[in-house]
Structures are given as structure tokens and as C-alpha cells.
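These are the residues of each chain, in order.
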Amino acid sequence: MTHDHPAAPERGPSRPFGRVITAMVTPFTPDGALDLDGAARLARYLVDEQGNDALVLNGTTGESPTTTDAEKETLIRAVVEAVGDRARIVAGVGTNDTRHTVELAAQAEKAGAHGLLVVTPYYNKPPQAGLLRHFTTVADAIGLPVMLYDIPHRSGVAIATDTLVKLSEHGRIVAVKDAKGDLTATSWVLARSDLAFYSGEDALTLPMLSIGAVGVVGTSTHFTGVGTKQMIEAFEAGDTAGALALHRRLLPLYTGIFRTQGTILVKAGLATQGLPSGPVRPPLVEATGDELAQLRADCAAAGLPLPE
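Everything numeric here is computed off the predicted structure, so don't read it as measured data. The numbers attached to residues start from 1 for each chain and follow its sequence in the written order. Confidence filtering applies because this is a predicted model: local features only for residues at pLDDT of at least 70, side-chain atom pairs given and counted only at 80 or more, and all residues used for totals across whole chains, interfaces and linings. Each side-chain value is derived from all of the structure's non-hydrogen atoms; neither hydrogens nor water enter the calculation.

Novice: An account of the pattern of salt bridges is requested, with residue identities and associated values reported.
Specialist: Criterion for a salt bridge: a side-chain nitrogen of Lys or Arg within 4 Å of a carboxyl oxygen of Asp or Glu. Counted under the stated rule, the structure contains twelve salt bridges. In this structure, the salt-bridge partner of Glu236 is Arg19, at a minimum N-O distance of 2.8 Å. In this pair, Glu236 is assigned in helix α9 (residues 221–236) and Arg19 in the segment before β1 (20–23), connecting sequence segments 217 residues apart. Each residue is placed in one exposure class: buried if its accessible area under a 1.4 Å probe, protein chains only, is under 20% of its type's maximum, exposed if it is over 50%, and partly exposed if it falls in between. For Glu236, a relative accessible area of 35% corresponds to the partly exposed category. Of the charged contacts, one joins Glu63 and Lys267 as a salt bridge, the two residues approaching to 2.8 Å between their closest N and O atoms. With Glu63 in the loop between β2 (54–57) and α2 (69–83) and Lys267 in helix α11 (residues 262–272), this pair connects stretches of sequence that are 204 residues apart. With a relative accessible area of 2%, Glu63 lands in the buried category. We classify Lys267 as buried; its relative accessible area is 3%. For the purposes of this entry, the term helix denotes a DSSP run of H or I that reaches at least four residues, the term strand denotes a run of E that reaches at least two, and both are numbered from the N terminus.

So this is what it looks like as C-alpha cells:
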């Protein structure tokens, strides 16, 4: 299996972070401390065996609300050392405080990240002018390519089409993780800009490809990475029937991983495989027996059964 090496972001119809990106969970030790050896091992598994072109660290799936700034930096360094020559490492640095986001962005750049994921500021619901200033300020402050994260059902505010088009004029804002679920709005941004769009919802990857997206930033891709990459490559090769067949096969896991909070189920599933995961940090709670049983059923339905 070959992997693109980290490089300067391409412009135009490009995939600046590859096709398949996993928002990686953050492994913890049984007592809840950061498990750096486990993180390195999990990263190697995702890149070398699940075919990921890039990994997002310190995203919500990585429990960023409950990890410290120091833990975030240490995690980036460990994963860059483990797989940074074979995959791009994208650091989640988004907060609802522009100054703090800039600090995390500078920290991530110094730690060796190849790109940044910057989520819409949440809870304080800034107007579009505030979003434009926030994202531009972060992109101005560092030398790394930026992927915007548009997820209004969590942040409380969407990035408007006109705002995204204006942001695309910035040389370092190159991509969007789109979890808005509005294919019409996304179509208009793609028609009016050269931003690379990545599906932020696993089950919408194929529909997003049909309107011009280039890949996915996934959660189920901890398990479905190989099949998801095959689906994307089939679509790009013109084999739409093959891509649709893969989409339908993987759909039980694309959706099932979100029956409860995604991190909870990913960590439960990884544990059955003997892969690093560890506990979740409060306010998250461990998967129940019934939830794990349902995850097993969803994985089996997708042709990816978990070990007993």
C-alpha cells in the first residue's frame, strides 16, 4: 500500500489531505492518563492497515474538550514520530476563543503537524463577520494549511456559503470538513471556490463525492478505512455501481457508530480487537453491554465482524 507523503497543499481540484482521514480517538491508560505508546500504535494501525492518508488528532472524537493543551501537544509529537512520514497529521485546534485557537495552532505547528482542523466557534454563536475574522486570524498566524470544520448541529452556527467563498480566497484555507448535511449549499460553495470538501458524516461520503467532494474525515473509518477508500477509488474510476455496492455494505457501520456518542463506540470496538483505546473521560461514559452487542451486530452487517 502506498501513501502520499506530507507536502504543501495543492490548489485547484485537489485532495490536500488525501482521500480517507480518520478522526482518531485518544487512547488513555486504565487510570485515565494519556497513553502515548498506545496512540503511536493505533496511528500505525490506522495508516498501515486501514489505509488512512491522514489522521485528525485532538478533535471531538479525540476527546479534545477533556484533554489539556499540554496533552494535545504531546499527542501530536508522538503520532508525528510514529507515522508522520507516511500520512499527514492534522491537528484539531478549534475553540470558541480566537486567541486560544491561535495559541493551539502555533503549538501544533511547532509540534510537527502538517495541517489544522478549525471548527466553527461553538456556544457563543458569532455572526458571519465574526466567523470570517476568526478563521482568517488563525490562518494568518501560522504557515500550515487549514481545514475548516462546519458542523452547525454542534457549534450552533453554520458557515454561510458567501463566508466560505470569501474564506477560500485565503492562501492557507484549503479544505472543509462538511458536517452540515446540506448538499445544495455545499454544491454552491464547490461551484464558486476551489476548496477541497471532505464529508464530515460517514454515510454521506458517496453523495458528497457525486457533487465534487474528494474524501471523508470519518469516525467509523477506525474499522471501515479500507472499504471506504475502495469506495472512493471506485467512484473516481467511474465504477459508480461498485461504489454504491460498497456504500450499501458499509452503511450499517457508517450509521451504527453514531447510535451513541461515536468515541464511546469506537473505543469499545477497538478494545475487542486488542487495539489501544482505554476508558473515556467524563462526562462520557463507557459503552453498555447492550450498546456493544449492537455495535457487534452493525459490524457484522457491514462484513467487518468484531472478535468475540
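Novice: Tell me about the packing of helix α3 (residues 98–111) against helix α4 (residues 128–141), and name the residues and values.
Specialist: Where helices are involved, their axes are fitted lines through C-alpha atoms of the stretch in contact, as for all axes, and angles between N-to-C directions lie from 0 to 180°. Relative orientation of the contacting elements α3 and α4 amounts to 30°, with a least axis distance of 9 Å. The orientation of α3 with respect to α4, classified from their angle, is roughly parallel. Relative to α4, the crossing made by α3 is right-handed. Contacts between α3 and α4 involve Thr98, Thr101, Val102 and Ala105 on the former and, on the latter, His134, Thr137, Val138 and Ala141. Here the angle decides the label: under 35 degrees means roughly parallel, over 145 means roughly antiparallel, 65 to 115 means roughly perpendicular, and every other value means oblique. Helix crossings fall into two classes, left-handed where the near helix is turned counterclockwise from the far one by less than a right angle and right-handed where it is turned clockwise. By the convention used here, residues are in contact when the closest approach between their heavy atoms is within 4.5 Å.

Novice: I'd like to hear about the side chain of Ser199, residue by residue, with values.
Specialist: Looking at the secondary structure, you find Ser199 in strand β7 (residues 196–199). Engagement of the side chain of Ser199 in a polar contact is seen with the backbone oxygen of Glu201, the distance being 2.6 Å. With near-sequence residues (within four places) excluded, Ser199 lies in contact with Asp178, Leu204, Thr205, Met208, Gly215, Val216 and Val217. For the purposes of these results, a polar contact is taken to be a pair of N or O atoms within 3.5 Å, where, inside protein, one atom must be able to donate a hydrogen and its partner to accept one; residues adjacent in sequence count only when each atom of the pair is a side-chain atom.

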